Amino acid sequence: METRVEQQRSRPGFRPFRHDGIAFGCDYNPEQWDPEVWSEDVRLMREAGVDLVAINIFGWSQVNPRKGDFEFGALDTVIGLLHDAGIRVNLGTATASPPPWLTARHPEILPVADDGTTRFPGGRQAWCPSSPVFRRYALELVEQVARRYGDHPAVALWHVSNELGCHNAHCHCAESTASFRRWLERRYGSVAELNRAWGTSFWSQRYDEWTEILTPLRTLSTRNPSQVLDFHRFSSDEMLDYYRAEAEVIRRHSEVAITTNFMVTAHIRTQDYFGWTPEVDLVANDHYLDHRLDDPTAELAFAADLTRGLAGGAPWLLMESSTGAVNWQPHNLAKAPGEMTRNAVQHLARGADGICFFQWRASAQGSEKFHSALLPHAGTDSGVWREVVALGGLLDRVGELAGTRVAADTALLFSWDAWWAFDADIRPSNSVSYLDQVHALHSALRAAGVTADVVHPADDLSKYRLVVVPGLYAVTDAAADALDAYVTAGGTVLVTCYSGIVDEHDRVRLGGYPGAYRDLVGARAEEFAPVLPGAALTLESGAAAGRWSERIRVTTAEVVDRFADGPSAGGPAITRNRRGAGTAWYLATLLGEESLLRLVERIADEAGVTRAEGASAEVEVVRRMSATHAYRFVINHGDIDLELPATGEELVTGASVAGRLAVPAGAVRIVREEAVA
Ligand code: GAL
């Protein structure tokens, strides 16, 4: 089977993104400023070392101010200024947000929420992904933009729309409903088959005709979970289809790589990006620290590893990030001095070949006027600007990293299907969620010094020593069988609770939990027994746990630890099963941070996984490899200076390191070492 990246590269019309060294870029919204400012912008971009600039993202009402009327004068000037300065352009198609003339003329393009009410213009992305009318106007605009700039020498990359599905992924209008029905017909062939897949015998939901089927609108009680799951899948496919339509138009006029910015992040889960990779020429992601999470920096590392997983290990582009505060969280925290650099280097360490920011110059008006930027309201006499210039210098110096690959001998399985299905309206415990488990396991690996590729459950796992499967609630038979074959052939896995519970239709796998993985782990749970948040749950070893337990009997596994208290007291909590030439561990609870770290360290060591020296929850250590060198990244997020054994050239300070590498509190270091074969 072709991998995602092989599919991407073999797709007719695939064009690689080419850039010398590591890109340093930003979104630029010159339409918000008087033309006198533009020359100063370009001069300062050069001063900072910016070399890739995304423009025309929200340009629709500027370049197409009324129906049939296209005005490219200002955009010509901006592209010319950038080009003259040697700055490359990441050119937006301008379709991200329709202008008022379009929504006024065609209100039927507006999205409808799940309570049947329309979402009006005045914000952004007020368009329905299934609307043929919106698509007709948008593609007309793309045609104009692509024809005009398709062979402009400044254009290095095409930026389709913007964060597709950020706000408008789920539309319930008549067009969307009709399109959902067509999607279901293609998937199931007959209403009878759909009834079977959705389990509609329950609550008298049996359908007789396609036309009776609706999108999952708001209901009095809980909705059919299989219907909700399919609507997630449909909505992702629908948006991808829209992306494809824009890309096809561009491809007729340009030889340059085409992409769009993904949102691999904790708070948006509308698109299954594993399906998107084959369609884009370059995987690009937007990432912002989310201070609503317990550990935003750890989540950044996870998102970067997942983005690399989407890219099949190939380099990717960080298309947006922030120098400081965002504007859309309840509390928008500024970054501490050095934090922006650490965040940027985290992305770099985990496979990014370019670091870009939203946005160039902080807006003076509009909803985002208090969002940070490369050039803050305070201007160039500011700490942010000085750090931006320093970062530009650093990215320039580490150009040799471009194209190198992250070294990882562990995989963590992730799936949007599992995320959608796990976090359904109803589940055994609302205080147990998919990302909680995924993040906890990823953080433990990171703290243990293990770099993990975050990959799809159906990906080839043969190169990994260890595979971690956190809360993979929904899994296909094929993926479950592949994991079994991986273990039988000698691999090690750690499966955690609420994995393998249902099939792709959200139908429970009968016979005991963890359903699909029961034989693999050699244990069988008869009942889930969650505990209330905050209730004590301990294991016999003294390990701290919480929120979840199961009533398990082992079949072929040995018991490694047992519940000391709680509803499953005396029963197994951690088990280990020899299976063929390999080993399958099962964790039937959520362990506290320290206990989980100890378990992960033990499993990693037994599996012979490489653990980076000096790593901890506060110190990230990751390697990128070229044919001749290893590049060791050390990112010290903590407030204690440290020293590690290392020998080579240090690229941040330019110093030679002979034996000991000093990494002051808050600093980053990148050591070029001789590669070990
Ligand atoms: C992204 C978006 C940008 C900007 C940024 C602010 O979602 O693509 O246009 O809004 O967030 O953080």
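Remember, predicted model here, so these are calculated numbers, not experimental data.

Parameters and conventions
Residues numbered from 1 in each chain as written. Predicted model: local features only at pLDDT ≥ 70, side-chain atom pairs only at ≥ 80, totals over all residues. Heavy atoms only, no water. Helix = DSSP H or I, 4+ residues; strand = E, 2+ residues; numbered from the N terminus. Rg over C-alpha atoms; globule rule 2.2 N^0.38 Å. Buried < 20%, exposed > 50% of the residue type's maximum accessible area, 1.4 Å probe, protein only. Contact = heavy atoms within 4.5 Å. Areas by Shrake-Rupley, 256 points an atom, 1.4 Å probe, with all protein chains shown as cover. Lys, Arg positive; Asp, Glu negative; His and termini not counted. Charge placed at Lys NZ, Arg CZ, Asp CG, Glu CD. Pairing = 2+ DSSP bridges. Axes fitted to C-alpha atoms, helices over the stretch in contact; angles between N-to-C directions. Patch = residues over 30% accessible without salt bridge, like charges linked within 9 Å, V, L, I, M, F, W, Y side chains within 5 Å. Salt bridge = Lys/Arg side-chain N within 4 Å of Asp/Glu carboxyl O. Domains from an automatic or database assignment. Near = heavy atom within 4 Å. Polar contact = N/O pair within 3.5 Å; in protein donor to acceptor, adjacent residues only side chain to side chain. Nonpolar A, V, L, I, M, F, W, Y, C, P; charged D, E, K, R; others polar. Disulfide = S-S within 2.5 Å.

(A) Expanded view of the overall build of the chain. Along its length, the chain carries 17 helices and 27 strands. Radius of gyration (C-alpha) of the chain: 26 Å, near the 26 Å computed for a compact globule of 677 residues. Across its three principal axes, the chain shows a C-alpha extent of roughly 75 × 75 × 45 Å. Going through the 677 residues of the chain one by one, you find that 60% of them count as buried. In the chain, once contacts between residues fewer than 6 apart in sequence are set aside, the share between residues at least 24 apart is 72%. Total accessible area on the chain stands at roughly 26,000 Å², and carbon and sulfur atoms take up 50% of it. Of note, the chain has its 64 positive side-chain charges centred 2 Å away from the centre of its 89 negative side-chain charges.

(B) How the structure looks around the sheet that holds strand β13 (residues 466–469). Across the sheet, seven strands lie side by side as β12-β11-β13-β14-β21-β20-β19; this open sheet has mixed pairing. Here the strands that pair on one side only, and so sit at the sheet edges, are β12 (452–455) and β19 (558–562). Taking each pair of neighbouring strands and ignoring which way they run, the sheet shows an average axis angle of 20°.

(C) Region of the structure containing a negative patch on the surface. Together, D294, D295, E593, E618 and D639 make up a negatively charged patch on the protein surface. Along the chain, the position of E593 falls in helix α17 (residues 593–607). In this structure E593 comes out as exposed when scored by relative accessible area, which is 70%.

(D) Highlighting the domain arrangement of the chain. Assigned domains within the chain: domain 1 (410–607) and domain 2 (619–674). Each of domain 1 and domain 2 has a C-alpha centre, and the two are 34 Å apart.

(E) Highlighting the site of the ligand. Taken together, F58, R124, N162, E163, D286, Y288, E320, W328, F358, E368 and H371 make up all the residues around the ligand. Within the side chain of W328, one N or O atom sits 2.8 Å away from an oxygen atom of the ligand. H371 places a polar side-chain atom, nitrogen or oxygen, 2.7 Å from an oxygen atom of the ligand. Contact with the protein chains removes 96% of the 310 Å² of surface that the ligand exposes when unbound. A breakdown of the residues in the shell around the ligand according to their chemical character gives four nonpolar, two polar and five charged.

(F) Summary view of the pairing of strand β4 (residues 155–159). Counting buried positions over the five residues of β4 gives five, a clear majority of the element. Across four bridges, strand β3 (residues 88–92) lies against β4 in parallel orientation. Along β4, the bridge assignment pairs G92 with H159.

(G) Molecular detail of the sheet that holds strand β22 (residues 590–591). Spatial strand order, β16-β17-β22: three strands in an open sheet with antiparallel pairing. Of all strands in the sheet, those with a lone pairing partner are β16 (537–538) and β22, marking the two edges.

(H) Representation of the environment of V622. The topology assignment puts V622 in strand β23 (residues 619–625). Those residues in contact with V622, other than ones at most four positions away along the chain, are A349, R350, V406, T451, Y631, R632 and F633.

(I) Spotlight on the pairing of β12. Burial along β12 is two-sided: A452 and V454 and D453 and V455, pointing in opposite directions, are all buried. Pairing analysis gives four bridges linking strand β11 (residues 410–413) to β12, with the strands arranged parallel. Bridge pairing in β12 places L412 opposite V454.

(J) Molecular detail of the side chain of D506. By secondary structure assignment, the location of D506 is in the loop between β14 (492–496) and α16 (518–521). Although buried, D506 forms no salt bridge, and the nearest oppositely charged side chain, R233, lies 8.2 Å from it. Here the side chain of D506 touches Y473 through a polar contact of 2.7 Å, side chain to side chain. Those residues in contact with D506 that lie beyond four places of it in its chain are P225, S226, L229, A421 and Y473.

(K) Fine view of the state of the cysteines. With the rule as written, the count across this model stands at zero disulfides. C356 takes part in no disulfide bond, and the closest cysteine sulfur to it belongs to C26, at a distance of 7.6 Å.

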